[in-house]
Structure formats: C-alpha cells, structure tokens
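Reading the structure
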Amino acid sequence: PVELPKRCIEMFTFLGDVVFDPFLGSGTTAVAAKQAGRIYIGCDISEEYCEIAEERLENTQISEQLFVQFNKN
C-alpha cells in the first residue's frame, strides 16, 4: 500500500527533497513521494514496469497545493 512508504518519506525527508527508488517496480514509492510533495527519481530494468509506474504517476493527484517560498537574504 502507498501509505507505508508515504509515512516513511514524510518522517525522514522534507518538502522538496529528492526520493530515489532504484527498484521502481509499479511505482508505489514514487506515487507516495509525489503525494508527500517530494521530488522522485526511479529506475527499473523492466520497460513494462516503467510504463506502469508512469501511468500511475500521471493519475496521482496531490491532495493539497504545495508552495515553496525562497528568501533572498
């Protein structure tokens, strides 16, 4: 389930951090990272699984708007 990696991602990373999944599979970790407002990178040896993950990510909605503010000071 997406909730398990999402909890870990939210516990150990900050908004805007990068989450890398070297064994992407169907993209559960990438979906969780997207939902948590993180940047995600994933790779897999199977082109078929990469396509499945890409489709899941396209259909993933972010539950809240995320805003990043930078200070120039």
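Residues numbered from 1 in each chain as written. Predicted model: local features only at pLDDT ≥ 70, side-chain atom pairs only at ≥ 80, totals over all residues. Heavy atoms only, no water.

This part covers the pairing of strand β2 (residues 39–42). Pairing analysis gives four bridges linking strand β1 (residues 18–21) to β2, with the strands arranged parallel. In the sheet register, F20 faces β2, and the bridge partner there is I41. Of the crossover connections in this fold, the one passing from β1 over helix α2 (residues 28–35) to the parallel β2 is right-handed. (Pairing = 2+ DSSP bridges. Helix = DSSP H or I, 4+ residues; strand = E, 2+ residues; numbered from the N terminus. Right-handed = clockwise from strand over helix to strand, strands pointing away.)

A few words now on the environment of F23. For F23, the position within the fold is in the loop between β1 and α2. Apart from residues no more than four positions distant in its own chain, F23 is found in contact with C43 and D44. (Contact = heavy atoms within 4.5 Å.)

Attention now goes to the packing of helix α1 (residues 3–12) against α2. Two numbers describe how α1 lies on α2: the axes approach to 8 Å, and their chain directions differ by 50°. In terms of axis orientation, α1 runs oblique to α2. Crossing of α1 over α2 shows right-handed handedness. Only T28, T29, A32, A33 and Q35 of α2 make contact with α1, whose side of the interface consists of P5, K6 and I9. For the contact of α1 with α2, the per-class residue count stands at four nonpolar, three polar and one charged. (Axes fitted to C-alpha atoms, helices over the stretch in contact; angles between N-to-C directions. Parallel < 35°, antiparallel > 145°, perpendicular 65-115°, else oblique. Left-handed = near helix turned anticlockwise from the far one by under 90°. Nonpolar A, V, L, I, M, F, W, Y, C, P; charged D, E, K, R; others polar.)

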